[in-house]
Amino acid sequence: APAAAIAFVDSGIEASRPEFGGRVVASVNLTTLPDNSPGDGRGHGTFVAGIATSSLPGQMGAAPGAKIVSIDVMDDKGMAKTSDVIAAADWILANKATYGIRVANFSLHSSVANSFRYDPLNKAVQRLWFNNVVVVAAAGNYGVPNARSGVPFAPGNDPFIITVGASDTGKSVALKDDFAAPWSAYGYTLDGFAKPDLAAPGRYMVGPVPTSSTLYAERPDRVVAPGYIELSGTSFSTPIVSGIAALILGR
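If you're wondering where the values come from, they're calculated on a predicted model, not measured in any experiment.

### Comments concerning the pairing of strand 1 (residues 5-10)
Within strand 1, six of the six residues are buried, which leaves the element mostly enclosed by the surrounding structure. Every second residue of strand 1 is oriented toward a common face, with Ala5, Ala7 and Val9 on one face and Ile6, Phe8 and Asp10 on the other, all of them buried. In this structure, strand 1 lies alongside strand 4 (residues 101-106), joined through five bridges in parallel fashion. Note that in strand 4 the partner of Phe8 across the bridge is Asn105. Bridge count between strand 1 and strand 3 (residues 68-72): five bridges; the pairing is parallel. Bridge pairing in strand 3 places Asp10 opposite Asp72.

This is the structure we're talking about:
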């Protein structure tokens, strides 16, 4: 059975990449910030989508057959307005039937701590959750060594959705040397819910990034091959869980 379609609320996706095999069925720009290039000017969204859906032999994503919907909410610096992220959630709700969207990936978080009961971004992702779209969000990279950081930011602070932390796979494929990445946020939300719900590999991840993007230019030390970067973050563990969710729903 084919995987369900995944919507990526991010910086856009370089749809022509061979990783995606022509499976980007829609690309929408909802950024109201002025400094946003067409496609993926930041590079973040292409990387995230590659981890979830790459179909290239030897570097398969979690759900290599999944259809992809790109919703660009970030400018070329990787910044987004909360109102644009809410608009993206509303767009998914309005268009989920058209594109078969069953999973929404939010590899981002708000910068303002809040209760999920009052935050408008929480309300937006809950509308998706209660309308049969699995929402998967990053916990954040503000973890502190040997202590709980808490997870106070939307949308990952929401008790309904799946919040993902990052694990380090250690030096082997075996599970016995895995550990939680020290910067992966965890603890309680302001409403007292324990987060994250799951962790997935998020350290030393290699993925596709447009060579014209700001992320590629900023991190020459991380380029492992032309058009490929090694990065770490809960942003990159989140699409593994989104891909798995798409596979399950495809069954």
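That covers the picture; the talk isn't over yet.
### So, the layout of surface pockets
Within this model, the largest pocket holds a volume of roughly 730 Å³. Contributing to the lining of the largest pocket are 28 residues, with Met74, Gly78, Ser107, Leu108 and His109 lying nearest its centre. Of all the elements in the fold, those that place two or more residues in the lining of the largest pocket are helix 2 (82-99), strand 13 (228-231) and helix 5 (234-250). For the lining of the largest pocket, the element with the most residues is helix 5, which contributes three residues. A per-class count over the lining of the largest pocket returns 10 nonpolar, 13 polar and five charged. Looking at the second largest pocket, its volume works out to about 210 Å³. The wall of the second largest pocket is formed by 14 residues, among which Gly50, Ile51, Gln59, Met60 and Val206 lie closest to the centre. At the level of secondary structure, the elements contributing two or more residues to the lining of the second largest pocket comprise helix 1 (44-53) and strand 11 (205-208). With four residues, strand 11 is the single largest residue contributor to the lining of the second largest pocket. Residues that form the lining of the second largest pocket fall into these classes: eight nonpolar, five polar and one charged.

### Quick look at the pattern of salt bridges
As enumerated under the stated definition, the model contains 11 salt bridges in all. A salt bridge links Arg17 to Glu19; the shortest N-O distance between them is 3.1 Å. By the burial criterion, Arg17 is buried, and Glu19 matches it. Salt-bridge contacts for Asp221 lead to Arg219; the nearest nitrogen and oxygen are separated by 3.7 Å. Note on Arg219: relative accessible area 29%, which makes it partly exposed. One salt-bridge network, held together by shared partners, links Arg219, Asp221, Arg222 and Glu230.

### So, the sheet that holds strand 12 (residues 223-225)
Spatial ordering of the open sheet is given by 11-13-12, a layout of three strands whose pairing is antiparallel. A single partner strand is all that each edge strand has here, and the edge strands are strand 11 and strand 12. Strand-to-strand twist across the sheet, computed as the mean angle between neighbouring axes with direction ignored, equals 40 degrees. Sheet topology note: the strand 11/strand 13 ladder contains four bridges and is antiparallel.

### Looking at helix 3 (residues 120-129)
An α-helix turns once every 3.6 residues. As a result, residues three or four positions apart point the same way. Residues of helix 3 that are buried include every one of Leu121, Asn122, Ala124, Val125, Gln126 and Leu128, and no others. The inward-facing, buried residues of helix 3 contact helix 2, strand 4 and strand 5 (134-138). Its side-chain oxygen at 2.8 Å from the backbone nitrogen of Leu121, Asp119 defines the N-terminal cap of helix 3.

### A word on the side chain of Ser213
Mapped onto the secondary structure, Ser213 falls in the loop between strand 11 and helix 4 (214-218). Engagement of the side chain of Ser213 in a polar contact is seen with the backbone nitrogen of Tyr216, the distance being 3.4 Å. In this structure, Ser213 is in contact with Asp40, Gly41, Arg42 and Gly43, ignoring residues within four places of it in sequence.

### Section: the packing of helix 1 against helix 5
Orientation of helix 1 relative to helix 5, taken along the N-to-C sense of each, is 40 degrees, at an axis distance of 7 Å. Comparing their axes, helix 5 and helix 1 come out oblique. By crossing handedness, the relation of helix 1 to helix 5 is classed as right-handed. Facing His44, Phe47, Val48, Ile51 and Ala52 of helix 1, the residues of helix 5 in contact are Ser235, Phe236, Pro239, Ile240 and Gly243. Classifying every residue of the contact of helix 1 with helix 5 gives seven nonpolar, three polar and no charged.

Procedures and definitions
Residues numbered from 1 in each chain as written. Predicted model: local features only at pLDDT ≥ 70, side-chain atom pairs only at ≥ 80, totals over all residues. Heavy atoms only, no water. Buried < 20%, exposed > 50% of the residue type's maximum accessible area, 1.4 Å probe, protein only. Helix = DSSP H or I, 4+ residues; strand = E, 2+ residues; numbered from the N terminus. Pairing = 2+ DSSP bridges. 1 Å grid on protein atoms, 1.4 Å probe; cavity = no way out; pocket = protein on both sides within 12 Å on 5 of 7 lines; lining within 4 Å. Points joined across faces, edges and corners; volume = space filled by probe spheres on them. Nonpolar A, V, L, I, M, F, W, Y, C, P; charged D, E, K, R; others polar. Salt bridge = Lys/Arg side-chain N within 4 Å of Asp/Glu carboxyl O. Axes fitted to C-alpha atoms, helices over the stretch in contact; angles between N-to-C directions. Contact = heavy atoms within 4.5 Å. Polar contact = N/O pair within 3.5 Å; in protein donor to acceptor, adjacent residues only side chain to side chain. Parallel < 35°, antiparallel > 145°, perpendicular 65-115°, else oblique. Left-handed = near helix turned anticlockwise from the far one by under 90°.

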